[in-house]
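Residue-level structural notes
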Amino acid sequence: MRWLGALLLVGACGGIGLAKTGSLRRRIALLDGLCEKLRQLQTELLQRNPPLPDLLEQLEQPALAENVRRGMTMGQAAKPLLQRLEGELPKTAQTLEQLCCSLGRYDSSTQAQACAHALQQLQEQRDTLSRELAEKGNLYRTVPLAFGLMAALAVL
C-alpha cells in the first residue's frame, strides 16, 4: 500500500510539472493563431477593404459578424471572447480590446496600422512565453517530480 501511495505521489507531482509546460504550449499556440488571424485581417484591410462583418466571416468569426451586423460596435461584440481570454492571457486580452476600439471606426489604413501595432505586441508576448518555455520548461517538469520523489522516499 505504501508503494502505491508513493507511486501516486510521484505521478501527481510529475503531472503538475507537465501541466505547467502544457499550459505554456497552449498559450503559445493560441497566440500563434491570433497572430495569423491578425495578419489576415491586416492584409484584407489593406488590399480589399471589405465591410467589417464580411471580413469577420472570412476570418471564421460568424458570431462576431452577426453581432456587428446587428449594430454592436466591435468592442461590444468581442466583449465575451475577451473576457474568456483574460483569464489565461490578460495582456493579450488588453491588446485585442484596444484593437477592437479601432476596428470599424476608422479608414482601412488606420485600422491596418492598429492591426500592425497589436500584432507586434502579440508577437512580443509570444516570444516571451517561448523564451520562458525554453529556459524554464525542464525546470517546470523536473522540480515537482524531484519533490514527489523525495516525499515518496520519506513515506517509504
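Shown above is the structure to which this text applies.
What this report covers is the structure whose coordinates are included nearby.

What counts, and at which threshold
- Residues numbered from 1 in each chain as written.
- Predicted model: local features only at pLDDT ≥ 70, side-chain atom pairs only at ≥ 80, totals over all residues.
- Heavy atoms only, no water.
- Helix = DSSP H or I, 4+ residues; strand = E, 2+ residues; numbered from the N terminus.
- Rg over C-alpha atoms; globule rule 2.2 N^0.38 Å.
- Buried < 20%, exposed > 50% of the residue type's maximum accessible area, 1.4 Å probe, protein only.
- Contact = heavy atoms within 4.5 Å.
- Areas by Shrake-Rupley, 256 points an atom, 1.4 Å probe, with all protein chains shown as cover.
- Phe/Tyr/Trp six-rings, centres within 6.5 Å; stacked < 30°, edge-to-face > 60°.
- Lys NZ or Arg CZ within 6 Å of the ring centre and 35° of its normal.
- Core = buried A, V, L, I, M, F, W, Y, C linked by side-chain atoms within 4.5 Å.
- Axes fitted to C-alpha atoms, helices over the stretch in contact; angles between N-to-C directions.
- Parallel < 35°, antiparallel > 145°, perpendicular 65-115°, else oblique.
- Nonpolar A, V, L, I, M, F, W, Y, C, P; charged D, E, K, R; others polar.
- Salt bridge = Lys/Arg side-chain N within 4 Å of Asp/Glu carboxyl O.
- Disulfide = S-S within 2.5 Å.

What follows deals with the overall build of the protein chain. Along the backbone of the protein chain there are six helices and zero strands. Counting from the amino terminus, the protein chain carries its helices and strands in the arrangement α-α-α-α-α-α. Relative to the compact-globule value of 15 Å for 156 residues, the protein chain shows a C-alpha radius of gyration of 21 Å, a clear excess of over 25%. In terms of its C-alpha atoms, the protein chain occupies a principal-axis envelope of roughly 70 × 30 × 20 Å. A total of 156 residues make up the protein chain; the buried ones form 37% of that total. Taking contacts inside the protein chain between residues at least 6 apart in sequence as the whole, the part at least 24 apart equals 64%. Total accessible area on the protein chain stands at roughly 9,500 Å², and carbon and sulfur atoms take up 58% of it.

What follows deals with the packing of aromatic side chains. Two descriptors summarise a pair of aromatic rings, namely the distance from one centre to the other and the angle between the planes of the rings. For the structure shown, the criterion picks out zero aromatic pairs. Taking the ring centre of tyrosine 140 as reference, the NZ or CZ of lysine 20 above it sits at 5.2 Å.

Let us now look at the side chain of serine 102. Along the polypeptide, serine 102 turns up in helix α5 (residues 90–102). Once residues within four sequence positions are removed from consideration, serine 102 is found in contact with Gln111 and Ala114.

This part takes up the nonpolar core. Counting residues in each nonpolar core, the largest one holds 34 residues, and the members touching the most others are Leu38, Leu41, Met74, Leu99 and Leu103. Residue assignment for this core shows that the elements contributing at least two residues are α1 (2–47), α2 (52–58), α3 (62–69), α4 (74–88), α5 and α6 (108–155). When residues in this core are grouped by element, the largest group, nine residues, is from α6. Those residues in contact with leucine 103 that lie beyond four places of it in its chain are Leu41, Leu45, Leu52, Met74, Gln111 and Cys115.

Two numbers describe how α1 lies on α6: the axes approach to 8 Å, and their chain directions differ by 170°. Comparing the axis directions of α1 and α6 gives the class roughly antiparallel. Looking at side-chain class alone, the contact of α1 with α6 contains 29 nonpolar, eleven polar and nine charged residues.

Quick look at the pattern of salt bridges now. In total, this model carries seven salt bridges according to the counting rule given. Residues glutamate 60 and lysine 37 are paired through a salt bridge, measuring 3.7 Å at the closest nitrogen-oxygen approach. On the criterion of sequence distance, the pair formed by glutamate 60 in the loop between α2 and α3 and lysine 37 in helix α1 is long-range, its members being 23 residues apart. Judged by its relative accessible area of 28%, lysine 37 falls in the partly exposed class. Residues joined by salt bridges that share partners form a network here, namely Asp54, Glu57 and Arg69.

Right, let's get into the state of the cysteines. By definition, a disulfide links the sulfur atoms of two cysteine residues through a covalent bond. In the structure shown here, the tally under the stated rule is zero disulfides. No disulfide involves cysteine 35; its sulfur sits 12 Å from that of cysteine 115, the nearest cysteine. On the basis of relative accessible area, cysteine 35 is assigned to the buried category, the value being 2%.

Looking now at the side chain of threonine 21. On the secondary structure map, threonine 21 appears in helix α1. You can call threonine 21 buried: its relative accessible area is 1%.

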